[in-house]
Every structure is written in C-alpha cells, then in structure tokens.
Amino acid sequence: MIYIVLLVVCIALYIVSGVACALVAVKGNQTLKHFAKYLYLAAFILHSVFIGLSSVSTAGTLLTGPNIAMLGAWVIAGVALVMLLFKNKAYTYAMFSAPAIVILILISFYLHFSMYGDAISNAVYYRWPMLVVHIVLVFLAAACFMVSAAASGTFLYQSHLMQKHSVQILRVDTPALNTLSRVGRVAILAGVVLFFVAMLIGFIRLVVLGDAHVIANVFTTEQYLLPRIIFSLVVFAIYCLYLVFAYFIPYSVSGKTRAILSLIGFVGVVVLIVVSAW
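Just so you know, these numbers come straight off a predicted model, no measurement behind them.

### What to know about the overall build of the protein
Inference 1: When helices and strands are counted, the protein shows nine helices and zero strands.
Inference 2: Ordering the α and β elements of the protein from the N terminus gives α-α-α-α-α-α-α-α-α.
Inference 3: Burial statistics for the protein: of 278 residues in total, 47% are counted as buried.
Inference 4: When contacts within the protein are restricted to residue pairs at least 6 apart in sequence, those whose partners lie at least 24 apart make up 79%.

### Quick notes on helix H1 (residues 2-27)
Inference 1: Taking 1.5 Å per residue, 26 residues should reach 38 Å; H1 reaches 36 Å between its end C-alpha atoms and fits that length.
Inference 2: Burial in H1 covers these residues: Leu 6, Leu 7, Cys 10, Ile 11, Leu 13, Tyr 14, Ser 17, Gly 18, Ala 20, Cys 21, Val 24 and Ala 25.
Inference 3: Following H1 by one or two positions, Gly 28 has its phi on the positive side, about 70°.

### A few points about helix H6 (residues 131-164)
Inference 1: Compared with the 50 Å implied by 1.5 Å per residue over 34 residues, the 49 Å span of H6 between its first and last C-alpha is a close match.
Inference 2: The element H6 is extensively covered by neighbouring structure, given that 24 of its 34 residues are classed as buried.
Inference 3: Count one or two residues on from H6 and you reach His 165, which has phi positive near 55°.

### Thoughts on the side chain of Ser 97
Inference 1: Along the chain, the position of Ser 97 falls in helix H4 (residues 91-114).
Inference 2: Residue classification places Ser 97 among the buried residues on the basis of a relative accessible area of 0%.
Inference 3: A distance of 2.7 Å separates polar atoms of two side chains, one belonging to Ser 97 and the other to Tyr 40.
Inference 4: When neighbours within four sequence positions are excluded, Ser 97 is seen to be in contact with Tyr 40, Ile 76, Ala 80 and Met 146.

### Considerations on the environment of Ser 54
Inference 1: Mapping Ser 54 onto the fold places it in helix H2 (residues 33-57).
Inference 2: Taking the C-alpha atoms as reference, Ser 54 lies 9.2 Å from Asn 67; in sequence the two are 13 residues apart.

### Quick notes on the confidence of the model for the protein
Caution applies to low-pLDDT parts of the model: their predicted coordinates are not meant to be read in detail.
Inference 1: Residues of the protein with pLDDT of at least 70 account for 82%, and the chain-wide mean is 81.
Inference 2: The lowest-confidence element of the protein is helix H5 (residues 123-127), averaging 50 in pLDDT; the highest-confidence one is helix H8 (residues 226-248), averaging 91.
Inference 3: Across residues 214-221, where pLDDT falls below 50, the model places two contacts with residues more than four positions away in sequence or in other chains.

### Things to note about the packing of aromatic side chains
Inference 1: In total, this model carries five aromatic pairs according to the counting rule given.
Inference 2: Arranged with centres 5.5 Å apart and planes meeting at 75°, the rings of Tyr 14 and Tyr 40 form a pair that is edge-to-face. Remark: Tyr 40 occurs in helix H2 and Tyr 14 occurs in helix H1; sequence separation between them is 26 residues.
Inference 3: On the basis of relative accessibility, which here comes to 0%, the residue Tyr 14 falls in the buried class.
Inference 4: Residue classification places Tyr 40 among the buried positions, given a relative accessible area of 0%.
Inference 5: With centroids separated by 5.5 Å and ring planes inclined at 15°, the aromatic side chains of Phe 44 and Trp 74 adopt a geometry described as stacked. Of this pair, Phe 44 sits in helix H2 while Trp 74 sits in helix H3 (residues 65-86), and the two are 30 residues apart along the sequence.
Inference 6: Classification of Phe 44 by relative accessible area gives buried; the value is 14%.
Inference 7: Classification of Trp 74 by relative accessible area gives partly exposed; the value is 32%.
Inference 8: Through successive ring pairs, a cluster of aromatic residues spans Phe 145, Phe 195 and Tyr 239.

### Side note on the environment of Ala 69
Inference 1: With respect to the helices and strands, the residue Ala 69 is situated in helix H3.
Inference 2: Assessed through its relative accessible area of 0%, Ala 69 is described here as buried.
Inference 3: Residues Ala 69 and Phe 139 lie 70 residues apart in sequence; the distance between their C-alpha atoms is 9.8 Å.

Quick notes on the rules
- Residues numbered from 1 in each chain as written.
- Predicted model: local features only at pLDDT ≥ 70, side-chain atom pairs only at ≥ 80, totals over all residues.
- Heavy atoms only, no water.
- Helix = DSSP H or I, 4+ residues; strand = E, 2+ residues; numbered from the N terminus.
- Buried < 20%, exposed > 50% of the residue type's maximum accessible area, 1.4 Å probe, protein only.
- Contact = heavy atoms within 4.5 Å.
- Expected span 1.5 Å × (residues − 1).
- Polar contact = N/O pair within 3.5 Å; in protein donor to acceptor, adjacent residues only side chain to side chain.
- pLDDT = per-residue confidence, 0-100.
- Phe/Tyr/Trp six-rings, centres within 6.5 Å; stacked < 30°, edge-to-face > 60°.

Next up, the structure:
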C-alpha cells in the first residue's frame, strides 16, 4: 500500500510542479518560482525513495520492463532538476520533462501489475553484464534529447509570440532564441553520441547471440527485439537529420523546422522506452 501512496503523491507533485514551472516560464509568474523549484525537488526525492524501496524489496534493482520505464523517468527528472536548481531561466526544461516523466511512471505502474506473479529475475544481466552500460547510455541520451525538446518547444513558443508582436514576449521567463537554439543543438549532439554507443553495444550483443545460435545449431529468434531495433533506428535517423541541418547545411531549413524535428525525435524516444519496457 505504501508503494501506491508514494507513487500517487510523486505523480501529483510532478504534475503540480510542471504546471507551476509552465506558469513561471510562459506567463512570467515570478511568485511561483521557488514553489515550482522545490516542489519538483520533492517529487524527485519521492521518486528516488520509491525506487530505493522497490530495490530493497527485490534484493536489488531488477532490469525488467517496469523498472526500465521507472529508471528512465528518474534519469530525465534528475537532469531537469539539476538544470532547474543551477541554471537561470530553466523552468521550461522542468515544464517539458514533467509530462514525459508522468507517462513513463504510469506505464511502469501498469507493467508492474500486468507482470505481477510472473517469474522476474536479472537473468539477462547475468548473461550480459554490459546491459547496465547499455541502459544507462540510453537513459542519458534520452535526458539530452529531453533538454533539446524543451529548448525547441520554447523556441517555437517565443517565435510565435514574436511573429504575433504579442506583449506576452516581455513577460516570459525563458532564455533568448539564440541560446535556445544553441542548447538544442549541443544537447542533441551529445545525445546522438551516447545513443550511438548504446546502439553499438546492443548490436554487438545481437550479433554474438546470432553466432551462438548458429554454433549451437539451435533455431532461436529474437523477435521481441525487432520493435526496439526499428524504433532505435528511426529515432537515430531523425536526430542525425537534425544534426545535418544544424551543422552542415544550417541555412537550408528554418530554426522552426529543426525545433519540430527535435520534438518529433523526443516523442520517438518516449515511445522507444515504452516499447523496450513492454
């Protein structure tokens, strides 16, 4: 029962803090600054406590579907929190991260109860210790992509206000367009490098599995990996296209087009984590 209460309170705190961050960033409500920041911190602490208690109850963190989604949400939240606490005008990052975190936590919750009673273990980890490195790299890449998505979403919003000549542009508490564009580019570049290394580790494992099956003369398929591979390649292709536009032919498309690509890519990342956890 304590786990459900912790999870419900954690989700509520993320939602309220996300709304508060949105009011600060979009509406320029200065009175909510500290409230939004420390509410997000409280949500992250509860999130961490929940993961810790779950790990203790299972004698270690199981690298299975529910925990993959939960840990993915935790890493994204951690990066957003660091930016919120130590970077000026970073409320937009927490605003964009909160919905993704809540979605991943709810999916983790659903998967936990759908798998309840099934035999769950870290058997995959024992057969492949590099799984931890693979998962951590994917989560760090996802956090980088979240930062870029937040910067891109804010870029689009500010561009819209400027195009309309709205006085609201004077009230928003967000970084300048050039800063947002630069943050988006750098975050995606870092994320693509991390994601590529994670994919490389995964593909090497897949090749080794294939060779082992041939040597053992056993007809074995890894069909459950196919959706993960497809979504990984799609996400990687989207962000590579973004980097081509951003660094090699920067004047071929507008900043808005690159921002939209970044947002599409992050949606793909969330879907990839969900597919991997399922």
